[in-house]
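Commentary on secondary and tertiary structure
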Amino acid sequence: MTATIALVDDDRNILTSVSIALQAEGFLTRVYSDGEAALKALADNPPDLAIFDVKMPRMDGLELLRRLRERQSTPVIFLTSKDDELDEALGLAMGADDYIAKPFSQRLLIARIRAILRRTEAHQPSGEDTAEPAPALERGRLLMDPARHRVTWNGQPVTLTVTEFLILETLAQRPGVVKTRNQLMDAAYQDDIYVDDRTIDSHIKRVRRKFREADPSFDAIETLYGAGYRFSDD
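All values reported here derive from a predicted model rather than from experimental measurement. (Residues numbered from 1 in each chain as written. Predicted model: local features only at pLDDT ≥ 70, side-chain atom pairs only at ≥ 80, totals over all residues. Heavy atoms only, no water.)

Our next topic: the UniProt feature "modified residue: 4-aspartylphosphate" (unreviewed entry) in the protein chain. Taking the numbering used here, the UniProt-annotated feature "modified residue: 4-aspartylphosphate" (unreviewed entry) corresponds to Asp53. By the secondary structure assignment, aspartate 53 is in strand β3 (residues 49-53). With residues up to four places along the chain from it excluded, the contact list for aspartate 53 reads Val8, Asp9, Asp10, Gly61, Phe78, Leu79 and Lys102. (UniProt positions renumbered as here; feature names shortened; annotations may be inferred. Helix = DSSP H or I, 4+ residues; strand = E, 2+ residues; numbered from the N terminus. Contact = heavy atoms within 4.5 Å.)

Structural data, given as structure tokens:
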């Protein structure tokens, strides 16, 4: 099935050039010039993936992501200015799946889109798929069901993005074993796509926050400074 990509940016040159490039790669595109115009359309008819500019009039990308996350978990890539590290960190903390700094290579953008869509598809059950579904992973109070992309902690549901799910799954598969940031990047970002340490740290903070909403005492993801992270199922 052809994937639909939504583009939200107040720069019409970017909307036009990126839309043309994506259509040339076989994607369907929907374009919006501001966050307010995009919100209702995306909520009523979710795309397979969305690309948001951070700085827009009327409703910026961060607010658009926040309000969209209240309704759905559509994968989102942020477009940020080159030096907007705070925006990048905020976007990832709020549940964005990736970010790309402007000016950007369309080839890089398309590679990251395809990587995220593959991860999303891998965690969605197909009615025509006759293969055995991935078994559920249970570690103490944590239960992860990859086939249904469902996570619970002590019976309480926790909603994770695909990237967050892959990072947590990698940690939970071997409790007590330290995973470096590079190992977590390899699990969550395949196809030689580069992300920096801050990206993984932001995703970890987001996962912790989501679990603490279900259980304020959650401390199963441990930080080992200078080494990485590990999951404890004690």
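That covers the picture; the talk isn't over yet.
Let's shift gears to the pattern of salt bridges. Going through the model one piece at a time under the given rule, you end up with 16 salt bridges. Across the pair aspartate 44 and lysine 40 runs a salt bridge whose closest N-O atoms are separated by 2.6 Å. Here the residue aspartate 44 and the residue lysine 40 both occupy positions in helix α2 (residues 35-44), the gap between them amounting to four residues, near one helical turn. We classify lysine 40 as exposed; its relative accessible area is 58%. Residue arginine 69 pairs with aspartate 97 through a salt bridge whose shortest N-O separation is 3.6 Å. (Salt bridge = Lys/Arg side-chain N within 4 Å of Asp/Glu carboxyl O. Buried < 20%, exposed > 50% of the residue type's maximum accessible area, 1.4 Å probe, protein only.)

Once that is clear, we can look at the packing of α2 against helix α3 (residues 61-69). For the pair α2 and α3, interaxial distance at closest approach is 10 Å and the crossing angle is 20°. Considering their axes alone, α2 and α3 lie roughly parallel with respect to each other. Taken as a pair, α2 and α3 cross one another with a handedness that is right-handed. For the pair formed by α2 and α3, the contact residues are Gly35, Ala38, Leu39, Leu42 and Ala43 on the first element and Leu64, Arg67 and Leu68 on the second. Looking at the contact of α2 with α3 residue by residue, the classes come out as six nonpolar, one polar and one charged. (Axes fitted to C-alpha atoms, helices over the stretch in contact; angles between N-to-C directions. Parallel < 35°, antiparallel > 145°, perpendicular 65-115°, else oblique. Left-handed = near helix turned anticlockwise from the far one by under 90°. Nonpolar A, V, L, I, M, F, W, Y, C, P; charged D, E, K, R; others polar.)

Quick look at the nonpolar core now. Leu142, Val151, Leu168, Phe211, Ile221 and Phe231 are the most contacted members of the largest nonpolar core, which totals 26 residues. The element contributing the most residues to this core is helix α6 (residues 162-172), with seven residues. For leucine 168, the contacting residues outside a window of four places in its chain are Leu142, Met144, Val151, Leu160, Phe211, Ile221 and Phe231. Judged by nonpolar contacts, the second largest core, of 21 residues, contains Ala50, Leu62, Leu65 and Met94. (Core = buried A, V, L, I, M, F, W, Y, C linked by side-chain atoms within 4.5 Å.)

Once that is clear, we can look at the packing of aromatic side chains. Scanning the entire structure with this criterion turns up four aromatic pairs. Judged by centre distance (6.3 Å) and plane angle (65°), the rings of phenylalanine 52 and phenylalanine 78 are edge-to-face. Remark: phenylalanine 78 occurs in strand β4 (residues 76-80) and phenylalanine 52 occurs in strand β3; sequence separation between them is 26 residues. Phenylalanine 52 sits in the buried class, given a relative accessible area of 0%. Judged by relative accessible area, phenylalanine 78 falls into the buried class, the value being 1%. With centroids separated by 4.7 Å and ring planes inclined at 20°, the aromatic side chains of phenylalanine 211 and phenylalanine 218 adopt a geometry described as stacked. The exposure class of phenylalanine 211 is buried, given its relative accessible area of 1%. Ring-pair connections join several aromatic residues into one group, and the members of that group are Trp153, Phe211 and Phe218. (Phe/Tyr/Trp six-rings, centres within 6.5 Å; stacked < 30°, edge-to-face > 60°.)

The next thing to look at is the sheet that holds strand β9 (residues 156-157). Reading across from one edge, β6-β7-β8-β9 is the order of the four strands in this open sheet, with antiparallel pairing throughout. Where the open sheet ends on each side, the last strands, each with one partner, are β6 (137-139) and β9. Where β6 meets strand β7 (residues 142-145), three bridges bridge the pair, whose relative direction is antiparallel. Among the inter-strand pairings, leucine 137 is bridged to a residue of β7, identified as methionine 144. Of the strands in this sheet, β6, β7 and β8 (150-153) touch α6, which is tilted by about 120° from β7. (Pairing = 2+ DSSP bridges.)

Moving on, we come to the sheet that holds strand β1 (residues 4-8). Pairing within the open sheet is parallel, and its five strands lie in the order β2-β1-β3-β4-β5. The open sheet terminates on both sides in strands that have one partner only, identified here as β2 (28-32) and β5 (98-101). Averaged over all pairs of adjacent strands, the angle between strand axes in this sheet comes to 20°, irrespective of strand direction. In the sheet, β4 pairs with β5 via four bridges, with the strands oriented parallel. What sits directly across from phenylalanine 78, in β5, is tyrosine 99.

Glancing now at the pairing of β4. In summary, the side chains of a regular strand alternate between the two faces of the sheet. Most of β4 sits inside the fold, with five of its five residues counted as buried. Of the two faces of β4, the one lined by Val76, Phe78 and Thr80 and the one lined by Ile77 and Leu79 are each fully buried. Here β3 pairs with β4 via four bridges, running parallel. Bridge pairing links phenylalanine 52 to phenylalanine 78 in β4. In the classification by handedness, the crossover that spans β3, the intervening α3 and the parallel β4 is right-handed. (Right-handed = clockwise from strand over helix to strand, strands pointing away.)

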